[in-house]
Amino acid sequence: MQRARTQKAKDDRRAAVVAAALDEFYEKGFAAARMEDIAGRAGLSKGGLYLYFDSKEALFEAVIESFAMPTVARFEALAETAGGVSALIDALTKLAPAIIREGRIPKIVKVLIGDAPAFPAVATAYRRNVIDRVLAVIIHILRKAKETGEIDIADPALAARLMAAPMLLSAVWRIVFDHDDEARIDLDALFAQHSVMLKRAFKMEAAA
């Protein structure tokens, strides 16, 4: 393949490599994926690939930056305009189905589940750059709401994890059962129900 000469061509080539890496990691696992196979999937020689990335770890960091970080930024922007816990719940439960259906976050989750014990630094990078940032937004709003008396919860950090848990479950469910028509879930209905249950739970806590 001809070498990319313009900046746009280089950016497009890099994006193709990152997309190929995610697919290769998803299909074969991080440990088994080979740089030459990623290069071939992206239409490059192995040497051409190394012009962009020098290791699989660097490629996975680029996968997080390209496919997970924009989602985090989108949630942070929605949460910033939320007027309280109820609006935060609405933002989280409306965004979640689109994220899961799009498919890239579930693919990343599958890679992490498969290879986290062998490559802990890869999993740690995802936790710090994605999960911790999402949880930090939720925890901040819950703490403010607790301080003002809007809600009454013992531990905002644990409550934040309970709020976000169905996203991880749904991502895993899609990975494992997407081929099974009987197992497919209406994500919009699921997260609408999650929204109702969360609001009821917080209301009960406040009343108690």
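The model shown is predicted, which means the values in this text are computed figures rather than measured ones. (Residues numbered from 1 in each chain as written. Predicted model: local features only at pLDDT ≥ 70, side-chain atom pairs only at ≥ 80, totals over all residues. Heavy atoms only, no water.)

Participant: Before we go on, may I ask you to explain the overall build of the protein chain in this structure?
Facilitator: Broken down by element type, the protein chain carries nine helices and zero strands. Counting from the amino terminus, helix and strand elements in the protein chain follow one another as α-α-α-α-α-α-α-α-α. Pairs at least 24 apart in sequence give 68% of the contacts found in the protein chain among residues at least 6 apart. Put simply, the protein chain shows about 11,500 Å² of open surface, and 55% of that area lies on carbon and sulfur atoms. (Helix = DSSP H or I, 4+ residues; strand = E, 2+ residues; numbered from the N terminus. Contact = heavy atoms within 4.5 Å. Areas by Shrake-Rupley, 256 points an atom, 1.4 Å probe, with all protein chains shown as cover.)

Participant: Whenever I open this one, the environment of P97 confuses me. Can you help?
Facilitator: Structurally, P97 is set in helix 5 (residues 85-102). A relative accessible area of 2% places P97 in the buried class. Separated by 65 residues in sequence, P97 and L162 place their C-alpha atoms 17 Å apart. Those residues in contact with P97 that sit more than four places away from it in its chain are L187, D188 and F191. (Buried < 20%, exposed > 50% of the residue type's maximum accessible area, 1.4 Å probe, protein only.)

Participant: When you look at the nonpolar core in this model, what are you seeing that I'm missing?
Facilitator: If you look at soluble globular proteins, the nonpolar side chains tend to sit buried side by side. The biggest cluster of nonpolar side chains holds 60 residues, and the ones touching the most others in it are F25, F60, I108, I138, L142 and M163. For this core, the secondary-structure elements that each account for two or more residues are helix 1 (7-28), helix 2 (35-41), helix 4 (56-80), helix 5, helix 6 (104-115), helix 7 (120-148), helix 8 (156-177) and helix 9 (187-207). Ignoring sequence-local partners within four residues, the contact set of L142 consists of V85, I151, I153, P156, A159, A160, M163 and F202. (Core = buried A, V, L, I, M, F, W, Y, C linked by side-chain atoms within 4.5 Å.)

Participant: Is there a simple way to explain the packing of aromatic side chains in this structure?
Facilitator: Aromatic rings in a pair are described by how distant their centres are and how their planes are angled relative to each other. Considering all chains together, one arrives at five aromatic pairs under this definition. Aromatic side chains F30 and F60 sit 5.9 Å apart centroid to centroid with 80° between the ring planes, which places their arrangement in the edge-to-face category. Taken as a pair, F30 in the loop between helix 1 and helix 2 and F60 in helix 4 lie far apart in primary sequence, 30 residues in all. F60 gets classed as buried once you look at its relative accessible area, which sits at 1%. With a centroid separation of 4.8 Å and an interplanar angle of 75°, the aromatic rings of F30 and F119 are classed as edge-to-face. With F30 in the loop between helix 1 and helix 2 and F119 in the loop between helix 6 and helix 7, the pair connects residues that are 89 residues apart, well separated along the chain. An aromatic cluster of three or more residues is present, and its members are F25, F30, F60 and F119. The ring of F30 carries K56 above its face, with NZ or CZ at 5.0 Å from the centroid. Its end group placed over the ring of Y26, K110 keeps NZ or CZ at 5.2 Å from the ring centre. (Phe/Tyr/Trp six-rings, centres within 6.5 Å; stacked < 30°, edge-to-face > 60°. Lys NZ or Arg CZ within 6 Å of the ring centre and 35° of its normal.)

Participant: Which parts of the structure should I look at to understand the pattern of salt bridges?
Facilitator: Under the defined criterion, the tally for this structure stands at 16 salt bridges. A salt bridge links R104 to E102; the nearest nitrogen and oxygen atoms lie 3.6 Å apart. Among the residues examined, E102 registers a relative accessible area of 44% and is labelled partly exposed. Connected via shared salt-bridge partners are E24, E27, K28, R34, E36, D37, R41 and K46. (Salt bridge = Lys/Arg side-chain N within 4 Å of Asp/Glu carboxyl O.)

Participant: Looking at this structure, I do not really get helix 4. What am I missing?
Facilitator: The periodicity of an α-helix, 3.6 residues per turn, causes residues three or four places apart in sequence to face the same way. Counted at 1.5 Å a residue, the expected span for helix 4 with its 25 residues is 36 Å, and the 34 Å between its end C-alpha atoms agrees. Within helix 4, the axis deviates most sharply at A68, by approximately 40°, and proline P70 lies no more than four positions further along. (Expected span 1.5 Å × (residues − 1). Bend = angle between axes of the 7 residues up to and from the residue.)

Participant: Explanation requested: the environment of I99 in the structure shown.
Facilitator: By the secondary structure assignment, I99 is in helix 5. For I99, a relative accessible area of 10% puts it in the buried group. When the C-alpha positions of I99 and D181 are compared, they lie 20 Å apart, and in sequence the two are 82 residues distant. Every residue in contact with I99, bar those within four places of it in the chain, is listed here: T71, I105, P106 and M167.

Participant: I tried to follow a nonpolar patch on the surface on my own but got confused; where do I start?
Facilitator: Residues L169, W173, V176, F177, I185 and L190 make up a contiguous nonpolar surface patch of about 490 Å² in total accessible area. Counting residues per element, the nonpolar patch draws most heavily on helix 8, at four residues. (Patch = residues over 30% accessible without salt bridge, like charges linked within 9 Å, V, L, I, M, F, W, Y side chains within 5 Å.)

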